[in-house]
Amino acid sequence: MAYLQVDGAIKRYGATTALDGVSFAVGKGEFFTLLGPSGCGKTTLLRSIAGFSQLSEGRIDLDGVDLLAVPPHRRDIGMVFQDYAIFPHLTVAENVAFGLKARKVPASAIRERVAEALATVRLAALADRLPAALSGGQQQRIGIARAMVVKPRLLLMDEPLSNLDAKLRLDLRDEIRAIQRTIGIAAIYVTHDQEEALAISDRICVMDGGKVEQIGTPQQIYGQPATRFVASFVGTMNLLPPSAFGLPSSDGVAHWAVRPERLRLSEADTPAQFAFSLTGAVEHFTYLGREAHLTVSAQGHRLVAQIAAPPPDLSIEAGREIQLALDLRDLHAFDSEGRRVTVGRAA
Amino acid sequence: MSAIADTPRQRSRWQPDFWSLVAFAAWAILILLLLMPLSLVLVSSFRDESGGLSLANWQRLFTSARYFNAFVNTLIVGFGGLAGALLLGSVMAFCMARLQIAGSRLVSMLAILALVSPPFIGAYSWIVLFGSGGIVRQTLMSWGIFMPPIYGVWGVLIVFAFKFYPYVYLLTSGALANINRSLEEAAENLGLTPFQRVMKVSFPLVLPALSAGGLLALIHAIADFGTPRLLGRGFNVLATEAYTAYSAEIGSNLGMATTLSLALILLSMVFVFIQRFMSRRNVYHSNLINRPEKVRLRGFANVAAHAAVYFIALGGAMPAIIAAIYSVRKTNGPVFQPGFGLESYSRIIATLGDVVRNSLVFSGVAVLLIVVVGTLIGCLVARRNTVQTSLLDATLMVPYVMPGIVVGVAFIAAFNTPPLVMTGTATIIILSVFIRRLPYAVRSSAAALRQVGPSMEEAAISLGYSPVKAFLRVTIPLIAPGIIAGAMLSFVTAINELSSSLVLYVGGTVTMPVKIYIAINDGDYGTAASLSTILLVLSGAAIYLAFRLLGRDERALL
């Protein structure tokens, strides 16, 4: 049986439904991410697990025990907050020791474990400082150390990196993942950043409008999006009507979709499987260094193609006619409800 | 694990019932000390002298020439005070926020002095300088320059302008200093002339602060009863009429006093609503990447700016300064003698020890109550956003618009007859101060709490602290400096409180401000001046402490 089990979670605020029957299971030691746009219910769900918000209906079990019967302070669930929630009146070490004191851990053990936790997040030198003088990244490290040091049964993280600048976000992201692996704790991570979710997670649960759109590994989420929403929320997706460019028609297909990086500029040496090609006019060309984006207008449809490792002398002026090629196996198909459909593909 | 398993499945269980208790107690307090007295005031205004139901009082209010005059005069002092405070306050605010003024710390200290000057002593000091026998007037007359004495409506308005300008000044200078300079630069960049820029950008941005400060000045002006009483010389307003109707030795008329009080409350409420309506959309938050710089003026403009600032600052602080000087003048009984001496102080020590003690004890107890109850209700209002707490918050607005005289009259109406007889006790004075100042404490602790944010407490709970423990271990330490600073400021108001105590005091419960009032009426100016000075020193000490804890923020005094 799964370690954490959420069953039919429903949360209503008056007339609006924030969570609409969400169910999932998280294994022991798994890094599980709730991904979705703001207002999709991911934070509500996280707060319900923590106990700061009560479900209208549904069950949450942790390690076989009904969690909703347990008051939040006895749930033994660590939490890392978006705004850090570092106690400004306590020193860094006192912040980290705060949860251990509640557990009546002897003073000598507290000292030892706090020192160890601070070393893990590389803040040992700042133990006696007050947090006000520390940077956002350092404050969030305290937050992580404070939540981890009590060895909780589950670790919840509510957009912990969203207030940090881009470079720091990448560093801390890897650190969080490394610490979580070392301790072997089950973690639930909330984010609206799809790249972050792909990078950090064992499995991702994509949510929209209070419902689960898809649960799967990063590869599944990106490679086989279960719905049109997942396809366009995670990464970029070109959506085309079923009849466009004379694509093979298939019953029940309302949209074809293809990732920009699966579109190729037709050249002499294009591999044979890129059998399907279409012609369009370049609208604009964006050079980004490690890649370049090409917006192409073809038969009234607009497509984005990605060119990996563009040569430095590559420049394509607007209005130029070009040919794009694609492998039909890279096409995704969605029905009129936006659900993924499998179609027999011509090789 | 067993502890977890044993807990019955009951989701509301971990919501501490403590807060429901607080809500219950808050309503009990408000009903007993606010709503009940107020409704008795309402009822009493509809009774005639024999106790029967009638509209006689209201009829008199609108038909009697005397009350009609008082009503018009109240509007005159209200708007006159507003205009004067706006003029002086905005000039001061602009100079202090945008210009380099030498000695600006001294100036802001003088503004605080004006704000906390004990009531009555202000009017008295103006008489000392500009009354019929005033020093300045006499001097000018001896030079052959005629100067009318300060009595009458103009005197009242001049005193109000200098007394209430700090409300406008403190709020507006804060707003002016917080306008993002980029906004003004953007307006310049878009081609607006400096005058257009001020009218179209700066002025709308400070309008909320300006109108809030103006409202405070207006409400204080129509509630003020000492100034028109001492300086008015027949210039009556609703506040003085309410006091007269209540305190007349023969034919004391509680029904008329309550009717006049209600008229005063209604008037204040109308102005509050007008101000709310005016600034309904005007909450601006701007980031402060680009703070406005203070300009250094040169030549005549610089002299003029300094002259204006110091004229206003010294004018406002003048009563306090005069009181301090007169407190060390040599006296023989109530009569001043040439030279200086400490007779006034030794007389206080010898005969007025209990008055000083009363003041300290009453304010101390009141502040203690205010802090405890105010913090709890503040937390409730800040954390529980329900219809019930919004109603509580709204009800707490009522004391803001209740002039002290009205609180006094209402308490007499409510607590003079069984079941609850408190008239003549210290308790009634303490409770009147408590209910008047409670809303400020609620506001400030709710504001402090909103700054802390709920995630601090949630972090503590997720680390294993029960909600009550999390509140005590995390929230209380974080808001404590704010609460103590608020307590100090409440102490300043409590110890200077006059108008409700004046209605409620008896021989044994005379406080310092009441004694100052009596002393001035008896012509014992030395005692009045030295008591005022003691009040100033106590207030100054409390403000110093508050600023040490909270950081220097004059606006906290409003």
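The rules behind the values
- Residues numbered from 1 in each chain as written.
- Chains lettered and ligands numbered in written order.
- Predicted model: local features only at pLDDT ≥ 70, side-chain atom pairs only at ≥ 80, totals over all residues.
- Helix = DSSP H or I, 4+ residues; strand = E, 2+ residues; numbered from the N terminus.
- Rg over C-alpha atoms; globule rule 2.2 N^0.38 Å.
- Buried ≥ 20, exposed ≤ 12 C-beta atoms within 10 Å, placed from the backbone.
- Contact = placed C-beta atoms within 7 Å.
- Core = buried A, V, L, I, M, F, W, Y, C linked by C-beta atoms within 7 Å.
- Pairing = 2+ DSSP bridges.
- Axes fitted to C-alpha atoms, helices over the stretch in contact; angles between N-to-C directions.
- Parallel < 35°, antiparallel > 145°, perpendicular 65-115°, else oblique.
- Left-handed = near helix turned anticlockwise from the far one by under 90°.
- Domains from an automatic or database assignment.
- Nonpolar A, V, L, I, M, F, W, Y, C, P; charged D, E, K, R; others polar.
- pLDDT = per-residue confidence, 0-100.

Caption draft 1: Quick peek at the overall build of chain B. Helix and strand content of chain B: 24 helices and two strands. The C-alpha radius of gyration computed for chain B amounts to 25 Å, which stays within 12% of the reference 24 Å derived for 558 residues, consistent with globular compactness. Projected onto its principal axes, the C-alpha positions of chain B cover 95 × 70 × 50 Å. Out of the 558 residues in chain B, the part that is buried amounts to 48%.

Caption draft 2: Seen up close, the overall build of chain A. A count of helical and extended segments in chain A gives eight helices and 18 strands. Structurally, chain A occupies a C-alpha span of about 75 × 50 × 35 Å along its principal axes. Within chain A, the fraction of its 347 residues that count as buried is 38%. Contacts spanning at least 24 positions in sequence make up 63% of the contacts within chain A whose residues lie at least 6 apart.

Caption draft 3: Region of the structure containing the nonpolar core. Membership of the largest hydrophobic core comes to 171 residues, with the highest contact counts inside it found for Ala85(B), Tyr165(B), Val168(B), Ala242(B), Leu264(B), Val409(B) and Ala410(B). When residues of this core are assigned to their parent elements, the largest contribution, 15 residues, is made by helix 8 (residues 153-177) of chain B. If sequence neighbours within four positions are ignored, Tyr165(B) has contacts with Ala85(B), Leu88(B), Gly89(B), Met92(B), Ile312(B) and Gly316(B). Membership of the second largest hydrophobic core comes to 81 residues, among which are Ala18(A), Leu118(A), Ile144(A) and Val206(A).

Caption draft 4: Looking closely at the sheet that holds strand 1 (residues 4-13) of chain A. Residues and elements named next belong to chain A. Ordered by their spatial adjacency, four strands build an open sheet running 2-1-4-5, and the pairing between neighbours is antiparallel. One side of each edge strand has no neighbouring strand; the edge strands of this open sheet are strand 2 (16-26) and strand 5 (65-66). Strand direction decides the pairing type here: strand 4 (residues 57-62) and strand 5, joined by two bridges, are antiparallel. Within strand 5, the position partnered with aspartate 61 by the bridge is aspartate 66.

Caption draft 5: Representation of unusual backbone geometry. Residue and element names in this part refer to chain A. Positive phi, normally seen in glycine, also occurs at aspartate 63, with a value near 55°. Along the chain, aspartate 63 turns up in the loop between strand 4 and strand 5. Here aspartate 63 falls in the partly exposed class, since 16 other C-beta atoms lie within 10 Å of it.

Caption draft 6: Representation of the interface of chain A and chain B in the model. Each side of the interface is counted separately: chain A has 26 residues, and chain B has 24 residues. Put simply, the parts of the chain that give the side of chain A that touches chain B at least two residues each are strand 5, strand 6 (77-80) and helix 2 (92-102) of chain A.

Caption draft 7: Layout of the packing of helix 4 (residues 65-98) of chain B against helix 10 (residues 194-223) of chain B. All names here are of chain B. Running from N to C, helix 4 and helix 10 cross one another at 140°; their axes reach a closest spacing of 8 Å. By the angle class used here, helix 4 and helix 10 are oblique. Crossing geometry of helix 4 relative to helix 10 is assigned as right-handed. Counted together, Thr74, Val77, Gly78, Gly81, Leu82, Ala85, Leu86, Gly89 and Ser90 of helix 4 and Leu210, Gly213, Gly214, Ala217, Leu218, Ala221 and Ile222 of helix 10 form the full contact between these two elements.

Caption draft 8: Quick peek at the domain arrangement of chain A. Residue and element names in this part refer to chain A. Per the domain assignment, the segments of chain A are domain 1 (4-232) and domain 2 (237-334). Each of domain 1 and domain 2 has a C-alpha centre, and these two points are 39 Å apart. If you look at the interface, domain 1 gives four residues, while domain 2 gives six residues. Its residues placed into classes, the side of domain 1 that touches domain 2 shows two nonpolar, one polar and one charged.

Caption draft 9: Spotlight on the sheet that holds strand 14 (residues 276-287) of chain A. All names here are of chain A. Pairing in this open sheet of five strands is antiparallel, and the strands run 13-17-14-15-16 from one edge to the other. The sheet terminates laterally at strand 13 (264-265) and strand 16 (301-308), the two strands that pair on one side only. Relative to strand 17 (residues 321-326), strand 14 runs antiparallel, the two being bridged by six bridges. Residue pairing for strand 17: glycine 280 is matched across the bridge by isoleucine 322.

Caption draft 10: Geometry of the pairing of strand 12 (residues 255-258) of chain A. Residue and element names in this part refer to chain A. Residues Trp256 and Val258 line the buried face of strand 12, whereas the alternating positions His255 and Ala257 sit on a face that is not buried. Across three bridges, strand 11 (residues 238-240) lies against strand 12 in antiparallel orientation. From the neighbouring strand, leucine 240 faces strand 12, where its bridge partner is tryptophan 256. Across three bridges, strand 12 lies against strand 18 (residues 332-334) in antiparallel orientation. When the bridges of strand 18 are listed, alanine 257 appears paired with histidine 332.

Caption draft 11: Broad picture of the pairing of strand 1 of chain A. Residues and elements named next belong to chain A. Here strand 1 pairs with strand 2 via eight bridges, running antiparallel. For lysine 11, the partnering residue across the bridge sits in strand 2 and is leucine 19. In sequence, strand 1 turns back onto strand 2 through a hairpin of two residues, with glycine 14 there showing a positive phi of about 60°. Bridge count between strand 1 and strand 4: five bridges; the pairing is antiparallel. Following the sheet pairing, glutamine 5 is matched in strand 4 by aspartate 61.

Caption draft 12: Just the packing of helix 18 (residues 404-415) of chain B against helix 19 (residues 426-452) of chain B, in detail. All names here are of chain B. In contact at an axis separation of 10 Å, helix 18 and helix 19 are set at 130° when each is read in the N-to-C sense. By the criterion of interaxial angle, the relationship of helix 18 to helix 19 is oblique. In terms of crossing hand, the pair formed by helix 18 and helix 19 is right-handed. Between helix 18 and helix 19, the residues in contact are Gly404, Val407, Gly408, Phe411 and Phe415 and Ile428, Ser432, Ile435 and Arg436, respectively.

Caption draft 13: Local environment of the confidence of the model for chain B. All names here are of chain B. Residues with a pLDDT of 70 or more make up 91% of chain B, whose mean pLDDT is 81. Confidence drops under pLDDT 50 across residues 1-14; counting only partners more than four residues distant or on other chains, this segment forms 17 contacts. Confidence metrics for the complex model read pTM 0.72 and ipTM 0.82.

Caption draft 14: Fine view of the environment of Leu535(B). All names here are of chain B. With respect to the element layout, leucine 535 can be found in helix 24 (residues 525-550). Classification of leucine 535 by C-beta neighbours within 10 Å gives buried; the count is 26. A C-alpha to C-alpha distance of 6.9 Å links leucine 535 and proline 118, two positions 417 residues apart in sequence. In this view, leucine 535 contacts Pro118, Ile495, Asn496 and Met512; residues no more than four positions away in its chain are not counted.

Caption draft 15: Structural detail: the environment of Ile370(B). All names here are of chain B. Among the secondary structure elements, isoleucine 370 is positioned in helix 16 (residues 353-383). Residue classification places isoleucine 370 among the buried residues on the basis of 27 C-beta atoms within 10 Å. With 193 residues separating them in the primary sequence, isoleucine 370 and alanine 177 have C-alpha atoms 32 Å apart.

Caption draft 16: Representation of the environment of Leu324(A) in the model. Residue position: Leu324(A) is located in strand 17. By the C-beta count within 10 Å, which is 21 here, Leu324(A) ends up buried.

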